[in-house]
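# Structural description and commentary
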Amino acid sequence: MSSLTPTLPDPRGFDPVRFPGTPEGVAWPPSHFIFESSWLREPGLAFERDPNGGIGLVRSFAHLRMLVDVETAHLLLDIPPGTHDFRLLRLVPAALRCVGQIAPGDPVPGPLLDEDPEPIEDHHLYAATSELVARLAATAGEEGEALAAAMRRRPPGPDMFESAIAHCITADGLPMATIAPLARRLQLLANAHARVLAAAAAQPDYAAMERMIRRTRDSLNNDRRWVGDLLTRAMDGLIPLIARPGRTATALLRHAEEAMRRPLPLEAPTRLIREQHALRDRLLDLAVFWHRLAAAWLAVDPTTTDRREIESLSRNALRRLALEPLYRKPEE
């Protein structure tokens, strides 16, 4: 967990979020994806993220794959709104932002349970190292070129820098006193940027939350009983603000990536390492304030969810949007 900016409250105790339809005294999200419907517990069934961003419902044993819109999938699967399986189904998109596949009985990913971040995955380290190698070859002289060439031939992982150093010393004849300190500093930088990429990848599904808020607002506006009432007006005020968390996450990641490309003596990357750590902390702060709320909005069914629960989620959102330090520009 990041060390939160002193001006921000503790997110775990800040305006607790309740998932719509959750019975009193029941903790949600649960620890595992255990569905109540028998056919949703069948072996071979799983959910995966489709290459185009949709959700794929996979029946491996039958070689079937069906693309479903999770916001309306309960209708296709005959799952009543507000039920246990409905709420669990609506957690699937958020979970698939953290793991590659969700099958019945799988654990709910740690970020949805407010757990500390997982270790850096290889693909984030690979992406960070690839960016570093390209820059290294262009700006760091003979040692940098040799180290970049050695790193290109090695898979990402904790031993990548060690084996690259050994190659530069034994095969290229570079002095250990020069190449080893350079590689150590660059390893710290690659790890720092990989943590930024991991924090950005684990952000809530802001776009899905925004869509659900708009659908709920439209549903209220279309019901003549509630046109112009306080909740409808509050949601009208929420609509132009709700994109702010997603824009902030995008800006923080863009700033981190641009910083990795700016000219800087790579022999002394301490300032850049600190900057990457700070941006990763900003992304973690943003995620812990919004993960649970974004997932809770996806548990809304605009036509059946109790208005009091919609009102509570709207209040949660407006209170988080009022935390100005959470959304300050990266350069501030």
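Residues numbered from 1 in each chain as written. Predicted model: local features only at pLDDT ≥ 70, side-chain atom pairs only at ≥ 80, totals over all residues. Heavy atoms only, no water.

## A word on the pairing of strand E2 (residues 55–59)
Rule in force here: Burial classes: relative accessible area under 20% of the type maximum marks a residue as buried, over 50% as exposed, and values in between as partly exposed (1.4 Å probe, protein chains only). Put simply, DSSP H or I for four residues or longer makes a helix, DSSP E for two residues or longer makes a strand, and each gets a number counted from the N terminus. At least two DSSP bridges between two strands are needed for those strands to be called paired.
Burial analysis of E2 places 4 of its 5 residues in the buried class, the great majority of the element. Relative to E2, strand E1 (residues 45–49) is paired through 5 bridges, and the arrangement is antiparallel. Note on E2: the bridge partner recorded for Glu48 is Gly56.

## Focus: the nonpolar core
As a reminder of what qualifies: Each nonpolar core is a collection of buried residues, namely Ala, Val, Leu, Ile, Met, Phe, Trp, Tyr and Cys, held together in the definition by side-chain atoms within 4.5 Å. When checking whether two residues touch, look at their non-hydrogen atoms; a contact exists if any pair is within 4.5 Å.
The biggest cluster of nonpolar side chains holds 66 residues, and the ones touching the most others in it are Phe33, Phe47, Trp290 and Trp297. Among the elements that line this core, the one with the most residues is helix H10 (residues 270–298), at 13 residues. Setting aside anything within four residues of it in sequence, one finds Trp297 in contact with Met209, Met212, Ile213, Thr216, Met235, Leu238, Ile310, Leu313, Ser314 and Ala317. Grouped together as the second largest cluster of nonpolar side chains are 6 residues, Leu189, Ala259, Leu272 and Ile273 included.

## Observations regarding the packing of H10 against helix H11 (residues 307–321)
Quick reminder of the rule: The convention used is that axes are lines fitted to C-alpha atoms, helices contributing only their stretch in contact, and that angles between N-to-C directions extend from 0 to 180 degrees. Should an angle fall under 35 degrees it is taken as roughly parallel, and over 145 as roughly antiparallel, whereas 65 to 115 is taken as roughly perpendicular and any remaining angle as oblique. Left-handed describes a crossing in which the near helix is turned anticlockwise from the far one by less than a right angle; the clockwise case is right-handed.
Packing of H10 against H11 brings their axes to within 11 Å, and their N-to-C directions diverge by 150°. Put simply, H10 runs roughly antiparallel to H11. Judged by the twist between their axes, the crossing of H10 over H11 is left-handed. On H11, the residues touching Phe289, Trp290, Leu293, Ala296 and Trp297 of H10 are Ile310, Leu313, Ser314, Asn316, Ala317, Arg320 and Leu321.

## Some points on the packing of aromatic side chains
Operational definition: A pair of Phe, Tyr and Trp rings is counted when the ring centres sit within 6.5 Å of each other, with Trp represented by its six-membered ring. The angle between the planes then sorts it: under 30 degrees is stacked, over 60 is edge-to-face, the rest tilted. Charge-over-ring contacts are defined here by two conditions on Lys NZ or Arg CZ: a distance within 6 Å of the ring centre and an angle within 35 degrees of the ring normal.
Enumeration according to the criterion identifies 1 aromatic pair in this entry. Their ring planes at 75° and their centres at 5.8 Å tell us that Phe14 and Phe289 sit as a pair that is edge-to-face. Of this pair, Phe14 sits in the segment before E1 while Phe289 sits in helix H10, and the two are 275 residues apart along the sequence. Residue Phe14 shares its accessibility class with Phe289, and that shared class is buried. The ring of Trp28 carries Arg87 above its face, with NZ or CZ at 4.2 Å from the centroid.

## Points about the environment of Val58
Among the structural elements, Val58 can be located in strand E2. Looking at Val58, the relative accessible area reads 9%, which means it is buried. When the C-alpha positions of Val58 and Phe47 are compared, they lie 5.9 Å apart, and in sequence the two are 11 residues distant.

## A word on the confidence of the model for the chain
Quick note on the threshold: What pLDDT conveys is the predictor's confidence in a given residue, as a value from 0 to 100.
With 75% of its residues at a pLDDT of at least 70, the chain reaches an overall mean of 80. Least confident of the elements in the chain is helix H3 (residues 122–139), whose mean pLDDT is 62; most confident is H11, at 94.

## Describing the side chain of Thr248
Residue position: Thr248 is located in helix H9 (residues 244–261). By relative accessible area, which is 9% here, Thr248 ends up buried. Setting aside residues no more than four positions away along its own chain, Thr248 makes contact with Arg282, Leu286, Leu326 and Tyr327.

## A short note on unusual backbone geometry
In most cases, non-glycine residues show a negative phi, while peptide bonds are predominantly trans. Each neighbour pair has its own omega, and for Trp28 with Pro29 the value is 0°, a cis peptide bond. For Pro29, the position within the fold is in the segment before E1. Its identity as a non-glycine residue notwithstanding, Asp15 has a phi of 45°, on the positive side.

## Remarks on the pattern of salt bridges
What counts is decided by this rule: The rule for a salt bridge is simple: a side-chain nitrogen of Lys or Arg has to be within 4 Å of a carboxyl oxygen of Asp or Glu.
Taken as a whole and judged by the stated rule, the model has 11 salt bridges. Where Arg18 meets Glu24, a salt bridge forms, and the shortest distance between an N and an O atom there is 3.8 Å. For Arg18, a relative accessible area of 36% puts it in the partly exposed group. For Asp306, the salt bridge identified is with Arg308, shortest N-O distance 3.0 Å.

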